[in-house]
Amino acid sequence: MRRPSEIGAAVIGSGFIGTVHIEALRRLGVQVHGLLGSTPDRGAVSAERIGVPKAYASLGDLLDDERVEVVHVTSPNHLHHPQAREILAAGRHVVCEKPLAMTSDESRDLVALAAESGLVNAVNFNIRFYPLNQHVRELVRDGSAGDVRLVSGHYFQDWLLLETDWNWRLVPGLGGSLRAVGDIGSHWLDLVAFTTGLRITEVMADLATFIPVRREPTGPVETFSTERAAETVDRSITTEDIATILLRFENGARGTVAISQLSAGRKNSLEYEIDGSAASIAWDSEQPDQLWIGHREAANEILIRNPALMGAAGQAAAALPGGHVEGFADTFRAIFRAVYADVGSGRPAEHPVYPTFADGHDEMLVGDAVAASARDGRWTRVERAQEAPLRVLEDSVRP
Ligand SMILES: NC(=O)c1ccc[n+]([C@@H]2O[C@H](COP(=O)([O-])OP(=O)(O)OC[C@H]3O[C@@H](n4cnc5c(N)ncnc54)[C@H](O)[C@@H]3O)[C@@H](O)[C@H]2O)c1
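Residues numbered from 1 in each chain as written. Predicted model: local features only at pLDDT ≥ 70, side-chain atom pairs only at ≥ 80, totals over all residues. Heavy atoms only, no water.

Draft legend 1. Seen up close, the pattern of salt bridges. Counting across every chain of the model gives 21 salt bridges. Close ionic contact of Arg108 with Asp105 constitutes a salt bridge, the shortest N to O distance being 2.8 Å. One end of the pair is Arg108 and the other is Asp105, both in helix H5 (residues 104-117) and three residues apart, which spans about a single turn. Here Glu202 ties to Arg381 by a salt bridge, and the two come within 3.8 Å at their closest N and O atoms. You can see Glu202 sitting in strand S7 (residues 200-208) and its partner Arg381 sitting in strand S16 (residues 380-381), a full 179 residues away along the chain. Exposure remark for Glu202: the relative accessible area of 17% places this residue in the buried category. (Salt bridge = Lys/Arg side-chain N within 4 Å of Asp/Glu carboxyl O. Helix = DSSP H or I, 4+ residues; strand = E, 2+ residues; numbered from the N terminus. Buried < 20%, exposed > 50% of the residue type's maximum accessible area, 1.4 Å probe, protein only.)

Following this line, the structure appears as structure tokens:
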């Protein structure tokens, strides 16, 4: 079993999230040998900015570097499938950003390739790795909430509120045909399946596009940038700004979620509540060190994240003592720590504790059902019947 400091990695993409990946890898001691940008010149500028030794000229150049054992894919969504494919074919472990692919055909292909390869494969549903979310999964599993009956919540952001806001995510060929659902809804849907240990079986979805024409700047734009460009061209928008979805879970529980990229003031607000027959549990990503536990016949509780007061999984994800706030960037350290334990042993554990390509694929199947339901205006099943048994998924999602 090798330590992270003995393992070499490279990162594709050096935008908002590629930078977070690199910083988390450094905290673990992983040797980040280089990065790949959209062009060699842009890559060189990013390598200088982040302090990475090398900018590769191409993916082929990166994969020629024998020191690189793990490749992180943080490029725009349309590149995930071809890049992850090439990485696996070159015999390297892969950590891919969500969504895993543009379509469920692509994600199914990646699940099969990863299984054949025997290599470590992870999808970065990092929100699972807030320590309190790991703890919630344990609370539900040990019966503290009783039978889960209702799962509700939202994921709201405001960075696409104005018609002048622009990003590659708005172009279906780059981001996918679902936008708010694929970009942020996928996190919420994955998270509640993880915390409850229950898969979503049916959905009834309503998708709405409130800004049908946006102004695309003629120059490049950074994710979450609020700068207004002087020169723009009008672009028609076909993907959803807002989604409202009713859910049914495999145990009969009901759910409801609202997803929006147009909620003024909500920068990155993910909330969920699980109402069970014995207790309720609620978590808010903007107060991530606090968990609300609701009781009918006793005073409600606020659990402040504290390794001494959480189960084993919560403890494993925590880096700091209670009262020393952990946040978004810390979840990357926690999820990569779990992934690199498997990399250190050379292959995926029988029951990986991090989300795998199988989980990324299952999320794509839920997305397919959301799109079909919105199109047809009716309840739609998540079609898993034709899938090969996804043992890894079963193991990682079920309690
Ligand atoms: N897990 C999370 O919390 C989280 C958060 C944000 C984004 N993401 C995901 O990460 C990915 C990137 O999002 P972002 O917000 O960082 O976007 P971004 O636009 O900030 O960065 C994308 C990067 O990819 C690079 N790139 C573009 N084409 C490339 C190519 N052909 N080869 C190599 N690199 C190329 C760009 O130069 C840029 O550095 C998306 O898939 C997104 O869904 C995940």
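Having seen it, we continue.
Draft legend 2. Main features of the side chain of Ser285. Mapping Ser285 onto the fold places it in the loop between strand S13 (280-284) and strand S14 (290-294). Side-chain polar atoms of Ser285 contact the backbone oxygen of Asn268, separated by 3.0 Å. Apart from the residues within four sequence positions on either side, Ser285 is in contact with Asn268, Ser269 and Leu270. (Polar contact = N/O pair within 3.5 Å; in protein donor to acceptor, adjacent residues only side chain to side chain. Contact = heavy atoms within 4.5 Å.)

Draft legend 3. Molecular detail of the packing of aromatic side chains. Taken as a whole and assessed by the stated rule, the structure comprises five aromatic pairs. When the centroid spacing of 6.0 Å and the interplanar angle of 90 degrees are considered together, the rings of Phe332 and Phe336 count as edge-to-face. With Phe332 and Phe336 both in helix H10 (residues 328-345), this residue pair falls four residues apart, about one helical turn. As far as burial versus exposure is concerned, Phe332 and Phe336 are alike and both buried. Within the aromatic cluster, the residues linked to one another by ring pairs are Phe16, Phe328, Phe332 and Phe336. In this arrangement the basic side chain of Arg248 is found over the ring face of Trp379, its NZ or CZ atom lying 3.9 Å from the centre. (Phe/Tyr/Trp six-rings, centres within 6.5 Å; stacked < 30°, edge-to-face > 60°. Lys NZ or Arg CZ within 6 Å of the ring centre and 35° of its normal.)

Draft legend 4. Structural view of helix H2 (residues 40-50). Where H2 is concerned, the buried positions are Gly43, Ser46, Ala47 and Ile50. Buried residues of H2 fall within an arc of 105 degrees about the axis and therefore sit on the same side. Opposite the buried face of H2, by more than 90 degrees, sit the exposed residues Asp41, Val45, Glu48 and Arg49. Just beyond H2, the residue with positive phi is Gly51, at close to 80 degrees. (Arc of directions from axis to C-beta.)

Draft legend 5. Spotlight on unusual backbone geometry. A cis amide bond links Lys98 to the next residue, Pro99, at an omega of -15 degrees. Topologically, Pro99 is positioned in the loop between strand S4 (93-96) and H5.

Draft legend 6. Expanded view of the site of the ligand. Residues in close proximity to the ligand total 27 residues, the closest being Ser14, Asn77, Lys98, Trp168 and Arg169. The separation between an oxygen atom of the ligand and a polar main-chain atom of Ser75 is 3.4 Å. Within the contact set of the ligand, a nitrogen atom lies 3.4 Å away from a backbone nitrogen or oxygen of Asn124. Compared with its free state, where it exposes 850 Å², the ligand has 86% of that area covered by protein. Breaking the shell around the ligand down by element, the ones donating at least two residues are helix H1 (16-28), helix H4 (80-89) and helix H8 (180-196). Here the shell around the ligand is composed, by residue class, of nine nonpolar, 14 polar and four charged. (Near = heavy atom within 4 Å. Areas by Shrake-Rupley, 256 points an atom, 1.4 Å probe, with all protein chains shown as cover. Nonpolar A, V, L, I, M, F, W, Y, C, P; charged D, E, K, R; others polar.)

Draft legend 7. Summary view of the sheet that holds strand S1 (residues 8-12). Read across the open sheet, the five strands follow the order S2-S1-S3-S4-S5; overall the sheet is parallel. The sheet terminates laterally at strand S2 (31-36) and strand S5 (121-123), the two strands that pair on one side only. The average angle at which neighbouring strand axes cross in this sheet is 15 degrees, direction not considered. Docked against the sheet, helix H11 (residues 357-376) engages S4 and S5, running at close to 40 degrees with respect to S5. (Pairing = 2+ DSSP bridges. Axes fitted to C-alpha atoms, helices over the stretch in contact; angles between N-to-C directions.)

Draft legend 8. Quick look at the sheet that holds S16. The mixed open sheet is built from nine strands, whose spatial order is S15-S14-S13-S12-S6-S11-S10-S7-S16. Strand pairing shows two members of the sheet lacking a second neighbour, strand S15 (301-304) and S16, which therefore form its edges. The pairing of S7 with strand S10 (residues 242-249) spans eight bridges and is classified as antiparallel. Counted as the bridge partner of Glu202 is Arg248 from S10. Lying on the sheet, helix H6 (residues 131-141) is in contact with strand S6 (148-156), strand S12 (269-276), S13, S14 and S15; it crosses S14 at an angle near 25 degrees.

Draft legend 9. Focus on the packing of H8 against H11. Packing of H8 against H11 leaves a shortest axis separation of 10 Å and a crossing angle of 115 degrees. Viewed along their axes, H8 and H11 form a crossing whose handedness is right-handed. Together, Val181, Ser186, Leu189 and Asp190 of H8 and Glu363, Val366 and Val370 of H11 make up the contact between the two elements. In terms of residue class, the contact of H8 with H11 is built from four nonpolar, one polar and two charged. (Left-handed = near helix turned anticlockwise from the far one by under 90°.)

Draft legend 10. The side chain of Glu240, seen in detail. Relative to the helices and strands, Glu240 resides in the loop between strand S9 (232-236) and S10. Of the polar contacts made by the side chain of Glu240, one reaches the backbone nitrogen of Arg179; its length is 2.9 Å. From its side chain, Glu240 meets the backbone nitrogen of Ala180 in a polar contact 3.0 Å long. Residues in contact with Glu240, not counting those within four places in the same chain, are Ser177, Leu178, Arg179, Ala180, Val181, Gly182, Leu207, Ala208, Thr209 and Gln261.

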